[in-house]
Amino acid sequence: MRTIYLAGGCFWGMQKFFDQFDGVEKTEVGYANGPEKAPSYQEVCNDSGHAETVRIDYDEGRITLKELLGYYFTVIDPLSVNRQGHDEGIQYRTGIYYTDPGQLPEIEEVYKAEEKKAGAKLAVELEPLRNFYSAEEYHQKYLDKNPGGYCHIPQRYFSMGK
């Protein structure tokens, strides 16, 4: 089992998006790479410095990190700073956060290819995970509990893995 942390705007849609893929064993939404203090959602919305992030535990025998990152870049605007869709603020920044330095060469390969495709420097942070705090329970699987909830990811992307 491997783990990667991806910030891609509102974490509700990111979690629902990644849950659909075979090989993704578990996802959890939370707050990453902010100050060393577990924030509340209200603090995150008031610029605590944390990014809304989804932790993805995956079976690399069934889905590769490259595949996960390819899907990630499908649903974000990698040039947008602190904004995805209608969501704006530091908590909506994009980022790839890793805990295993062995993942870095693979991440960098995908990152550089996306940068070349975009023809510009990406606004996606690429750094080690400094911290991750689980979000409140009502945020976990939010769009499954609230199917009409807002999401910057178009609905059609939630059935890519089927």
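Here's a quick rundown of the structure. As the structure is a prediction and not an experimental result, all values here were calculated from the model.

Overview of the overall build of the chain
Right, on to step 1. Within the chain, the regular secondary structure consists of five helices and eight strands.
Right, on to step 2. For 162 residues, the compact-globule estimate of 2.2 N^0.38 gives 15 Å, and the chain sits close to it at 15 Å.
Right, on to step 3. Its C-alpha atoms give the chain principal-axis dimensions of about 35 × 30 × 30 Å.
Right, on to step 4. When the 162 residues of the chain are sorted by exposure, 51% land in the buried category.
Right, on to step 5. Within the chain, residue pairs in contact and separated by at least 24 positions form 77% of the contacts whose partners lie at least 6 positions apart.
Right, on to step 6. For the chain, the computed accessible surface area is about 7,700 Å², with 49% contributed by carbon and sulfur atoms.
Right, on to step 7. Of the side chains in the chain, 18 bear a positive and 26 a negative charge, and the two mean positions are spaced by 3 Å.

A look at the environment of Asn33
Right, on to step 1. Along the chain, Asn33 turns up in the loop between strand S2 (24-32) and helix H2 (41-45).
Right, on to step 2. Since its relative accessible area comes to 2%, Asn33 is described here as buried.
Right, on to step 3. A C-alpha to C-alpha distance of 24 Å links Asn33 and Glu67, two positions 34 residues apart in sequence.
Right, on to step 4. Residues contacting Asn33, with those up to four places away along its chain left out, are Gly49, Arg93, Tyr97, Glu127, Pro128, Leu129, Arg130 and Asn131.
Right, on to step 5. A polar contact of 3.3 Å, which involves the side chain of Asn33, links it to the backbone oxygen of Pro128.

Points about unusual backbone geometry
Leaving glycine out, the prevailing phi sign among residues is negative, and the prevailing peptide bond configuration is trans.
Right, on to step 1. Of note, Asn33 is a non-glycine position whose phi angle comes to about 50°, a positive value.
Right, on to step 2. Its identity as a non-glycine residue notwithstanding, Lys141 has a phi of 55°, on the positive side.
Right, on to step 3. With respect to the helices, strands and loops of the structure, Lys141 is situated in the loop between strand S8 (132-134) and helix H5 (142-145).
Right, on to step 4. For Lys141, a relative accessible area of 32% corresponds to the partly exposed category.

So, the nonpolar core
Right, on to step 1. Counting residues in hydrophobic clusters, the biggest one holds 40 residues, and the most contacted among them are Ile4, Leu6, Phe18, Ile56, Tyr72, Phe73 and Ile96.
Right, on to step 2. Among the nonpolar cores identified, the runner-up in size contains seven residues, and Ala7, Ala32, Ala51 and Leu129 belong to it.

Notes on the pairing of strand S1 (residues 2-8)
Right, on to step 1. Judged by how many residues are buried, S1 sits mostly within the fold: six of seven residues are covered.
Right, on to step 2. Inspection of the sheet shows S1 paired to strand S3 (residues 51-58) by five bridges, in the antiparallel sense. Within S3, the position partnered with Leu6 by the bridge is Val54.
Right, on to step 3. Inspection of the sheet shows S1 paired to strand S6 (residues 94-98) by four bridges, in the antiparallel sense. Pairing of Tyr5 across the sheet is with Tyr97, part of S6.

Examining the pattern of salt bridges
Right, on to step 1. What the rule picks out here adds up to 15 salt bridges.
Right, on to step 2. For Arg93, the salt bridge identified is with Glu125, shortest N-O distance 3.1 Å. Of the two residues, Arg93 is situated in the loop between strand S5 (87-88) and S6 and Glu125 in strand S7 (residues 125-128); the sequence distance between them amounts to 32 residues.
Right, on to step 3. Since its relative accessible area comes to 7%, Arg93 is described here as buried.
Right, on to step 4. What makes Glu125 partly exposed here is its relative accessible area of 24%.
Right, on to step 5. In this structure, Glu137 and Lys145 form a salt bridge, with 3.8 Å as the shortest nitrogen-oxygen distance.
Right, on to step 6. Beyond isolated ion pairs, a larger network of salt bridges with shared partners links Asp22, Glu25, Asp59 and Arg62.

Rules used throughout
- Residues numbered from 1 in each chain as written.
- Predicted model: local features only at pLDDT ≥ 70, side-chain atom pairs only at ≥ 80, totals over all residues.
- Heavy atoms only, no water.
- Helix = DSSP H or I, 4+ residues; strand = E, 2+ residues; numbered from the N terminus.
- Rg over C-alpha atoms; globule rule 2.2 N^0.38 Å.
- Buried < 20%, exposed > 50% of the residue type's maximum accessible area, 1.4 Å probe, protein only.
- Contact = heavy atoms within 4.5 Å.
- Areas by Shrake-Rupley, 256 points an atom, 1.4 Å probe, with all protein chains shown as cover.
- Lys, Arg positive; Asp, Glu negative; His and termini not counted.
- Charge placed at Lys NZ, Arg CZ, Asp CG, Glu CD.
- Polar contact = N/O pair within 3.5 Å; in protein donor to acceptor, adjacent residues only side chain to side chain.
- Core = buried A, V, L, I, M, F, W, Y, C linked by side-chain atoms within 4.5 Å.
- Pairing = 2+ DSSP bridges.
- Salt bridge = Lys/Arg side-chain N within 4 Å of Asp/Glu carboxyl O.

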